[in-house]
Amino acid sequence: VSHEKAEALCRIIDAEITINGYWWPQEWGRLEARGASEEVGVGRVVIGYCLARREQEHAAHTLKKDKEVTTVFFRWLDSTGREEATAADVFTKAELENWARWLKATPNQHGQGKGPGTRKRYVGWLLGVWEWSLHQPDFRAGVPQPVIELKHLTLEKAGPRAPVIA
């Protein structure tokens, strides 16, 4: 990163400081994505992750699940018109939550959306891809940091509480 880019990032960070002096960007990873020196296609990252797991000789059922989640993930990207999305576009809190909502709303062959456990597993898988990509020299520059923890995502809205009858 050049000196000018570093100063520009410092100005952006200063603008994000709240009245109490805490820095909290509106969307996680936004500043890192702006400062990334290369744009990396998210498809390239996902495929690289699946190939790396195959080379590590993971169990056959793990590789089958990778293929299943990858297929669903690319279907989601296609449905949103972002076949060429970058990792910086997709690896954000808002986008992961959008994917979880899409999984819930998109019916399977039985006419039902994915259940909460499946959505959590699919989003957790994509978080694993994100974390893996941070340690790969080919992708590190174009991938935002930090990785969001699954517990910080809103994958399920709490329904109304049932009345308590005493």
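Structural data are supplied above this passage.
Description of the structure in this document. Computed from a predicted model, the values in this text were never measured in an experiment. (Residues numbered from 1 in each chain as written. Predicted model: local features only at pLDDT ≥ 70, side-chain atom pairs only at ≥ 80, totals over all residues. Heavy atoms only, no water.)

Take the overall build of the protein chain next. When you go through the protein chain residue by residue, the secondary structure sums to seven helices and zero strands. The helix and strand sequence of the protein chain, counted from the amino end, reads α-α-α-α-α-α-α. Looking at the protein chain as a whole, 33% of its 166 residues are labelled buried. Carbon and sulfur atoms make up 53% of the accessible area of the protein chain, which totals about 10800 Å². (Helix = DSSP H or I, 4+ residues; strand = E, 2+ residues; numbered from the N terminus. Buried < 20%, exposed > 50% of the residue type's maximum accessible area, 1.4 Å probe, protein only. Areas by Shrake-Rupley, 256 points an atom, 1.4 Å probe, with all protein chains shown as cover.)

Looking now at helix α4 (residues 60-79). The end-to-end C-alpha separation of α4 is 29 Å, in line with the 28 Å expected for 20 residues at 1.5 Å each. Inspection of α4 places Thr-62, Asp-66, Val-69, Thr-70, Val-72, Phe-73, Trp-76 and Leu-77 among the buried residues, and these make up the whole buried set. Contacts from the buried residues of α4 go to α3 (42-55), α5 (87-90), α6 (93-105) and α7 (116-134). Following α4 by one or two positions, Gly-81 adopts a phi angle in the positive range, close to 75 degrees. (Expected span 1.5 Å × (residues − 1). Contact = heavy atoms within 4.5 Å.)

So, on to the environment of Ile-148. You can see Ile-148 is positioned in the segment after α7. Taking the relative accessible area as the measure of exposure, Ile-148 reaches 2% and is therefore buried.

Attention now goes to α3. For α3, with 14 residues, the first-to-last C-alpha span of 20 Å sits near the 20 Å given by 1.5 Å per residue. Considered for burial, the residues of α3 that qualify are Val-42, Val-45, Val-46, Gly-48, Tyr-49, Cys-50, Ala-52 and Arg-53. Where α3 is buried, its residues meet α4, α5 and α7. Of the residues trailing α3, Glu-57 is marked for its positive phi of about 60 degrees.

A few words on the nonpolar core. Among the nonpolar cores identified, the biggest contains 35 residues, and Phe-73, Val-90, Phe-91, Trp-99 and Leu-126 are the most heavily contacted of them. For this core, the element with the most residues is α7, which contributes nine residues. Apart from the residues lying within four places of it in its own chain, the contact partners of Trp-99 are Val-69, Val-72, Phe-73, Trp-76, Tyr-122, Val-123 and Leu-126. (Core = buried A, V, L, I, M, F, W, Y, C linked by side-chain atoms within 4.5 Å.)

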